[in-house]
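# Remarks on the overall topology
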Amino acid sequence: MVTMAFCRAVGSKLGFYAFMLLGCIELPAVIAENILISAIYGEGSHFLAAASVGESLVERGHNITALISNAFEHRASDPKYANFSFEIFQHAVPVEEVRDHFHKANTLVLREDEISEGFAFLELGFQRWVDDCEMVLRDKQLMQKLERMDVMIVDITWPCAMYIKAALEKDFKSTRRRTMVCIAPSGPFGGLLRTMGTPVNIAYQPEVTSGLTNRMSFKERLMNLMMSVMIPIVGNMISTSRFVEMAQRVGLDEFNIHPLHSFADFDLLLLNVQFASDYPFPLTPNIIPVGGLTIRPVQKLSKELEEFVQSSGEHGVVVFSLGTYLASITVIRPDLVRMFSDAFAKLPQKVIWQLKELPDYDLPPNVKTMPWLPQNDLLGHPKTRAFMYQGGNNGFQEASYHGVPVVVIPLHGDQYDVAARIEARGMGKKIDKQDLSTELIYETLTEVINNPSYTTVAKKVSAINKDQPMRAPERAAFWIEHVIKFGGDYMRSPANELNFFQYHLIDVIAFLIAVFVAVLLVLFFTLRFCLRLCCRMIGWGGPTKSKKD
């Protein structure tokens, strides 16, 4: 007995030391990979969403390189991205023109000549994206550095990375297998979903920028169908054809690279949606919903900002932002600044407003302006009562996660889709930009803050968001590592291997109709033959005989 007890004690102690020794050894899940992130130029919400995925990959031991432009190379010195490497490409035009274009793109929506200038401005923007991609491909020194990349994360808006991959395979004879991941920072785009092999039903899946809900009337379904047809056509006119021509200029014509169709060969699509607040729709396994990429654990506010928030008492605060570029709304539309100011003056709540340039008059005492807002931290503060903003997808996901009711003022693009989701979910209300007025702003904010139904829905959405095994960036990083190890072929739908007639079973339906018609014809002729035979047997229908006969 004593001997056995002694052996058990020694064994358990040895086991303990062995466990401690193993615990000190860090066993990496996968070998560190060199991962390229290409999200437009390194500016705006697209970059922030992709960079968040990159930060999670860094935590897992991977090497992240961000491809950005020299117009926004300040990102390379941002301490937040100290663990990133940066490769900087040169624009085809002076950087001042690039920055001005970004600024104009975001301010055009508030100008009276928006519609007349919009299409031409969009064409210019796409042409510059094509020119910039060509600059990257012709920079042999830069391309040599990119040759070591094992994984490429591509923002769908600027598909240059797929041309980089093709150029590396052609010009540098690169044979390494590169894992390709695309990231869609906005809501679902029907054309992209179809390309990835996912079925799209336009009867309940609204097309991007339509501003429709998933419960449509006949008129809305007709409109959705027309948009679903027209968006690829317009996209081909102003974007796709330009990229294809560029590929031919740099010697990639034999690759026949079509930007949208090339996504069919990608291993993974990261879709920035969360079904707690977005419309449900079917997805193939190679499409992963990762809504909330920019959500972070809430950090403490600065002392000055915290004191202002606490001074609001039981009324709380309203967070107001029209985005980084429209923080200069004082210069663009000073009349709107006066309108918002007068509306805020009537509120019992304190208002924190992202505004760069102050007007030449005093703002209400309950308003605090800041050129930049710690938006995620403010939305996570217990005293925040409402969030009023322009409808970006990142802001929508942050408000959903933190359970804050929303007043949305959509200005362009997929912001109309976000507004439709907010209203359909019951999380808030929309204000059309054409209807803006002091009274409407005040009444809408008052309704959203004081009506408990909006807060109730927002809190439920928040609870669903938080009831997840991991945060969105971690989920994205996990699936990227998964396709690095196993590839994405096994998750890919065979839909793209079928032609139009096969996919829609037109050939099968035609065959069944032919068989059905053949059976009917056989039955018809058989019945007719039998009837004629019976008639002859009983003397019906034959020639009449004379009495003599």
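Details of the structure are given in the entry above.
Summarised in this report is the structure supplied together with it. Quick caveat, the model's predicted, so the values are computed rather than measured.

Reading the values: the criteria
Residues numbered from 1 in each chain as written. Predicted model: local features only at pLDDT ≥ 70, side-chain atom pairs only at ≥ 80, totals over all residues. Heavy atoms only, no water. Helix = DSSP H or I, 4+ residues; strand = E, 2+ residues; numbered from the N terminus. Rg over C-alpha atoms; globule rule 2.2 N^0.38 Å. Buried < 20%, exposed > 50% of the residue type's maximum accessible area, 1.4 Å probe, protein only. Contact = heavy atoms within 4.5 Å. Areas by Shrake-Rupley, 256 points an atom, 1.4 Å probe, with all protein chains shown as cover. Pairing = 2+ DSSP bridges. Right-handed = clockwise from strand over helix to strand, strands pointing away. Phe/Tyr/Trp six-rings, centres within 6.5 Å; stacked < 30°, edge-to-face > 60°. Lys NZ or Arg CZ within 6 Å of the ring centre and 35° of its normal. Axes fitted to C-alpha atoms, helices over the stretch in contact; angles between N-to-C directions. Salt bridge = Lys/Arg side-chain N within 4 Å of Asp/Glu carboxyl O. Polar contact = N/O pair within 3.5 Å; in protein donor to acceptor, adjacent residues only side chain to side chain. Expected span 1.5 Å × (residues − 1). Bend = angle between axes of the 7 residues up to and from the residue. Parallel < 35°, antiparallel > 145°, perpendicular 65-115°, else oblique. Nonpolar A, V, L, I, M, F, W, Y, C, P; charged D, E, K, R; others polar.

We now examine the overall build of the protein chain. Looking only at helices and strands, the protein chain has 20 helices and 13 strands in total. The C-alpha radius of gyration of the protein chain comes to 31 Å, more than 25% above the 24 Å expected for a compact globule of 549 residues. Per-residue burial for the protein chain yields a buried fraction of 48% across its 549 residues. Restricting to contacts in the protein chain with at least 6 residues of sequence separation, those with at least 24 account for 69%. Total accessible area computed for the protein chain in this model is approximately 27,900 Å², and 60% of it derives from carbon and sulfur atoms.

Our focus in this paragraph is the pairing of strand 2 (residues 63-69). A large share of strand 2 lies buried, amounting to six of its seven residues. Inspection of the sheet shows strand 1 (residues 34-38) paired to strand 2 by four bridges, in the parallel sense. Within strand 2, the position partnered with isoleucine 35 by the bridge is isoleucine 64. Handedness of the crossover is the feature at issue here: the chain leaves strand 1, passes through helix 2 (residues 44-59), returns alongside strand 2, and the resulting connection is right-handed. The pairing of strand 2 with strand 3 (residues 85-89) spans five bridges and is classified as parallel. Across the sheet, threonine 65 pairs through a bridge with serine 85, a residue of strand 3.

So, on to the packing of aromatic side chains. Counting across every chain of the model gives 20 aromatic pairs. Ring plane angle 35° and centroid distance 5.4 Å describe the contact between tyrosine 81 and phenylalanine 84, whose orientation is recorded as tilted. Accessibility expressed as a relative area gives 2% for tyrosine 81, which makes it buried. Taking the centre distance of 6.2 Å and the plane angle of 65° together, the rings of phenylalanine 340 and tryptophan 353 count as edge-to-face. Remark: tryptophan 353 occurs in strand 9 (residues 350-354) and phenylalanine 340 occurs in helix 12 (residues 334-345); sequence separation between them is 13 residues. In this structure tryptophan 353 comes out as buried when scored by relative accessible area, which is 2%. Pairwise contacts between aromatic rings join Phe47, Tyr81, Phe84 and Phe86 into one cluster. Across from the ring centre of phenylalanine 308, 4.9 Å away, lies the NZ or CZ of lysine 350, which sits over that ring.

With that settled, the discussion passes to unusual backbone geometry. Look at isoleucine 40: it is not a glycine, yet its phi comes out positive at around 55°. With respect to the helices and strands, isoleucine 40 occurs in the loop between strand 1 and helix 2. Even without being glycine, threonine 209 reaches a positive phi, approximately 70°. Its place among the elements puts threonine 209 in the loop between helix 7 (190-195) and helix 8 (218-249).

Along the chain, valine 351 turns up in strand 9. Once the C-alpha coordinates of valine 351 and valine 309 are considered, the two residues, 42 residues apart in sequence, prove to be 8.9 Å apart. Discounting chain neighbours no more than four positions away, the residues touching valine 351 are Phe308, Val318, Phe320, Phe344, Asn366, Val367 and Lys368.

Let's shift gears to the sheet that holds strand 9. The sheet built from six strands is open, its strands ordered 10-9-8-11-12-13 with parallel pairing. In the strand order of this sheet, the two ends are held by strand 10 (367-370) and strand 13 (428-430), each with one partner. Strand-to-strand, the axes of this sheet are offset by a mean angle of 15°, without reference to chain direction. Both strand 11 (residues 384-389) and strand 12 (residues 406-408) contribute to a ladder of three bridges, which runs parallel. If you follow phenylalanine 387 over to strand 12, its bridge partner there is valine 406. Taken strand by strand, helix 12 contacts strand 8 (317-321), strand 9, strand 10 and strand 11, and its axis lies near 160° from that of strand 9.

Throughout the structure, instances matching the rule amount to 21 salt bridges. Residue lysine 368 is joined to glutamate 304 by a salt bridge in which the shortest nitrogen-to-oxygen separation is 2.9 Å. Remark: glutamate 304 occurs in helix 10 (residues 303-310) and lysine 368 occurs in strand 10; sequence separation between them is 64 residues. We classify glutamate 304 as exposed; its relative accessible area is 54%. Of the charged contacts, one joins lysine 430 and aspartate 432 as a salt bridge, the two residues approaching to 3.7 Å between their closest N and O atoms.

Moving on, we come to the side chain of aspartate 267. Among the structural elements, aspartate 267 can be located in the loop between helix 9 (259-262) and strand 6 (268-271). Reaching out from aspartate 267, the side chain makes a polar contact with the backbone nitrogen of glycine 488 at a distance of 3.1 Å.

Attention shifts here to helix 8. For helix 8, which comprises 32 residues, the first-to-last C-alpha distance of 46 Å matches the rise-based estimate of 46 Å (1.5 Å per residue) to within 8%. At asparagine 236, helix 8 shows its largest bend, some 55°. Those residues of helix 8 that sit buried are Asn224, Met227, Ser228, Ile238, Ser239, Thr240, Arg242, Phe243, Met246 and Ala247. A positive backbone phi angle near 85° is found at glycine 251, which sits one or two residues after helix 8.

So, about the packing of helix 14 (residues 393-402) against helix 17 (residues 452-466). One can describe the packing of helix 14 onto helix 17 by two numbers: an axis separation of 6 Å at closest approach and a directional angle of 95°. Taken together, the axes of helix 14 and helix 17 are roughly perpendicular relative to one another. Residue-level contacts link Ser400, Tyr401 and His402 of helix 14 to Ala458, Lys459, Val461, Ser462, Asn465 and Lys466 of helix 17. The residue inventory of the contact of helix 14 with helix 17, partitioned by class, reads three nonpolar, four polar and two charged.

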